[in-house]
Amino acid sequence: MVKLDVNKILIFDGAMGSLLQSEGMKAGELPESYNIKAPGVISKIHKAYLNAGADIILTNTFGAGKYKLQGSGLTVNEVVKSAVEIAKTAAKEVSKKTGEEKYVALDIGPLGGLLEPNGDITFEDAYEAFAEQIISGTNAGADLILIETMSDIYEAKAAILAAKENSNLPVICTMTFQKDGRTLTGTDPITMVNVLGSLGIDALGINCSLGPKEMLSILEEILKYSQIPVIVQPNAGLPKLLDGQTIYDVGAEEFSKYILKMVQMGVNMAGGCCGTTPDHICEMKRLLAGFIPRFKMSKKITAVSSSTTTEILDDKVRIIGERINPTGKKLFKQALINRDMDFILKEALNQKKAGAHILDVNVGLPEIDEKAVMIKAVKKIQSTVNIPLVIDSSRPDVLEAAARICNGRPIFNSVNGEDSVMEVIFPIAKKYGCLLIALTLDEKGIPKTARQRLQIAEKIINKAAEYGIDKEDIIVDCLVLTASAQQGEVQETIKALSLVKEKLNVKTTLGISNVSFGLPARGILNRTFLAMALTAGLNAPIINPLEEDMMNTIKSFNVLWNLDEDSREYISKFADYKPEKTVNNYKSKDLQKIIIDGIKDEAAALTSNLLNHKKPLEIVDEYLIPALDIVGEKYEKGDIFLPQLIQSAETVKRAFEVIKGNMLETGQIDSNMGKGKIVIATVKGDIHDIGKNIVKILLENYGFEVHDLGKDVSIDEIVEKVKKTDAPLVGLSALMTTTVRNMEETIKVLKEKCPGCKVMVGGAVLNKDYAQMIKADYYGADAREAVKLAQNFFAK
């Protein structure tokens, strides 16, 4: 087992695929199969990197999961076991020769498909697939685990849990970012650090997709927040095609200079990804010789995350929405009993639109299976609403079940000063990296005085430290008592709040509306108490964000407390202020709004109602297409991300199904529904189809007739389908550098045998210049761009 020493620079190896190609691997061959049929070739590559100076080599198991090996005739265990044994033997041989310790990292790549709700793979299925690889690799003798090239933080979490629960080896996890500074599914650097770093891994970082120069700004953000060592594994620049071979434009010397700069920034582990060779590693080793790492643990922050958004609890007020709670709500209780998740989703969406930064989720009813409903509610909310969650339950099993499947870093509500409660809750919170709301009560109940509540808060913080939980991960709730029954103690809450801020310097929260229970005109008391609490140091009030007076109190406070610089947010909100009543955003039953918000289950009913007074194509032109355009614009601006884009597209799909069914029943001709025929496929040898599937969904929703041939599709199959359908446009996808040559050959044959056909291409390894080199007609950087290309093509 390797010790990840922050005082030493560890050098990892470089690319495997390009060297396998130079050893004769054909395009489309499974690299992992060489562990079985050509172990000598794999050993030769490992030794080349080890002799070049690599301290750690990666096993040839990037694609050794069950989904990618499907149909190969190989099993996960035999591939992984053989890979580890080959690497271990090579490491021992070189180590003996050089006298330097060499280590083997079990390489774990992505599964090759999207996790729910954007795909078909469940979280637990993903976990099991990763666990199978990890158990095999651990038993075979790997020294550490590297989970790499993750574009979905949910998938990364499943892999990390599988590693932590099935092995005692050090765990490193890296994600791959796009030029916009986010992963494919919308995760930004601070969210990656906050979520993955909280799961107990030993190091994190960035790899693939970008060259070293393009990584610098993302790396700077990672280092700004990371509490653990950081690793980088850039590509050797951008891919180009020369004489039929894929080459990269950053040589060993230039690459290593960038690595040196990254080490000077604070990185202490570095290697290479696509396009890098032993020459890159050798030069990197030479340049870094004798260099002392400068990793410095960043200042700890209090932060909660969804998969795409992180809220830092700093001086500015963060609002926790309280409406997802059955207490005193008949309709909500009935929705829980009926398992009506759309009702809950609407509450979440309305609160977010009203300004909530975080959502409290409480589904506690005695007559339901709380754990099952909580899991369902969390999955439903996080599928569409991209703000962090508070998991609110008195049951530890509910908290743990929800934390496990939560896509992000949530808050637990709650723990208190009872020893028996802390002993159960703290281990769960530590394992899943959750923040905690700490209630200032214990076995004796809620203390009457502020000083006693401070003492309980201090006890909780000290006890949490014994479990490795920092005080920055504790949010203290000094507890609001109702003025109608305990009027004299309302002041004590404010006093306790001030004491906690002064003595303990932690973040705070309060359930504001409790103060007015049992009294008339509750809103007046609530907003007055809120203002008092804010001046005493309240960071995250739990309120109903649909109550405009409460929100206005916070906006006013931000101005008066110098938190809203130049009153910009206040002016933006109130420049044209006219008092108006809050309305339910969904009373109008607007199909366009339903699509934008991704409320799938309502689309069919609304579409059916519209068909009573509108023609099918009018609905398409007036509702569906404009809504998709709005969603597309939001996606391009970064207001929403891939999960929300897919949910909106799936909502349109439901509406389209109703429209098509109606046209068939009424005998209407739907020739205008199809805006053009397109054949799409992932090229031969490439088993990745995530991007292609997303393109398919969007194209179909814009009315195109899409013929999807799947993945690993031969040239003959593509040509045959184009001829059969007379499709004038073909979309080709490739994720692996080793299969881009197949894409080039496919384009060449298409132009020979289907001369009128045009080809658009996309995939992580491609760019505009590369697309031109392989003679593609169009390059789509993402699914939205592919739609625009198709629209422009058929418009001509």
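In the block above lies the structure referred to throughout.
Residues numbered from 1 in each chain as written. Predicted model: local features only at pLDDT ≥ 70, side-chain atom pairs only at ≥ 80, totals over all residues. Heavy atoms only, no water.

1. Brief notes about the overall build of the chain
Per the secondary structure count, the chain includes 30 helices and 25 strands. C-alpha extents for the chain along the principal axes are approximately 85 × 80 × 50 Å. Evaluated residue by residue, the chain yields a buried proportion of 59% over its 796 residues. A separation of at least 24 residues holds for 75% of the contacts in the chain among residues at least 6 apart in sequence. (Helix = DSSP H or I, 4+ residues; strand = E, 2+ residues; numbered from the N terminus. Buried < 20%, exposed > 50% of the residue type's maximum accessible area, 1.4 Å probe, protein only. Contact = heavy atoms within 4.5 Å.)

2. Side note on the environment of Ala533
Here Ala533 shows up in helix H19 (residues 522–536). Given the relative accessible area of 0%, Ala533 is considered buried. A C-alpha to C-alpha distance of 9.4 Å links Ala533 and Thr509, two positions 24 residues apart in sequence. When sequence neighbours within four positions are dropped, the list of residues in contact with Ala533 reads Ile494, Leu497, Leu510, Ile512 and Leu538.

3. Let's talk about the sheet that holds strand E24 (residues 758–762)
Read from one edge of the open sheet, five strands run E22-E21-E23-E24-E25, paired in parallel fashion. Where the open sheet ends on each side, the last strands, each with one partner, are strand E22 (705–708) and strand E25 (778–779). As paired elements, strand E21 (residues 677–682) and strand E23 (residues 729–733) share five bridges and run parallel to each other. Its bridge partner being in E23, Val679 is matched across the sheet by Val730. Across the sheet, helix H27 (residues 715–725) is in contact with E21, E22 and E23; its angle to E21 comes to roughly 170°. (Pairing = 2+ DSSP bridges. Axes fitted to C-alpha atoms, helices over the stretch in contact; angles between N-to-C directions.)

4. Quick word on the pattern of salt bridges
In total, this model carries 38 salt bridges according to the counting rule given. Residues Lys44 and Glu23 are paired through a salt bridge, measuring 3.0 Å at the closest nitrogen-oxygen approach. One end of the pair, Lys44, is in helix H3 (residues 39–52); the other, Glu23, is in the loop between helix H1 (17–22) and helix H2 (34–37), with 21 residues separating them in the sequence. The exposure class of Glu23 is partly exposed, given its relative accessible area of 32%. With a shortest N-O distance of 3.4 Å, Glu466 and Lys463 are connected by a salt bridge. Note that Glu466 and Lys463 are positioned in helix H17 (residues 450–466) at a spacing of three residues, about one turn of the helix. Overall, the relative accessible area of 59% leaves Glu466 in the exposed class. For Lys463, a relative accessible area of 23% puts it in the partly exposed group. In this structure, a network of salt bridges that share partners links the residues Glu124, Glu165, Arg404 and Lys431. (Salt bridge = Lys/Arg side-chain N within 4 Å of Asp/Glu carboxyl O.)

5. Focus: the sheet that holds strand E10 (residues 269–270)
Strands sit in the order E1-E10-E7-E6-E5-E4-E3-E2 across an open sheet of eight strands; the sheet is parallel. In the strand order of this sheet, the two ends are held by strand E1 (10–11) and strand E2 (56–58), each with one partner. Across three bridges, E2 lies against strand E3 (residues 103–108) in parallel orientation. Across the sheet, Leu58 pairs through a bridge with Ala105, a residue of E3.

6. Considering the nonpolar core
One finds Phe130, Ile147, Leu196, Phe412 and Leu624 to be the most contacted residues of the largest nonpolar core, which totals 214 residues. Here this core takes ten residues from helix H25 (residues 642–666), the largest share from any one element. Leave out the neighbours within four places in its chain, and Leu196 touches Ile153, Ala156, Ile160, Cys173, Met175 and Ile201. Listed in part, the 27 residues of the second largest apolar core include Ile718, Val719, Ala727 and Ile747. (Core = buried A, V, L, I, M, F, W, Y, C linked by side-chain atoms within 4.5 Å.)

7. As for the pairing of strand E14 (residues 358–361)
Burial along E14 is two-sided: the residues Ile358 and Asp360 and Leu359 and Val361 are all buried. Pairing geometry for strand E13 (residues 320–324) and E14, over three bridges, is parallel. Bridge assignment links Ile320 to a residue of E14, and that residue is Ile358. The pairing of E14 with strand E15 (residues 389–392) spans three bridges and is parallel. Pairing of Val361 across the sheet is with Ile391, part of E15. A crossover connection joins E14 to the parallel E15 through helix H14 (residues 370–384); in handedness this β-α-β unit is right-handed. (Right-handed = clockwise from strand over helix to strand, strands pointing away.)

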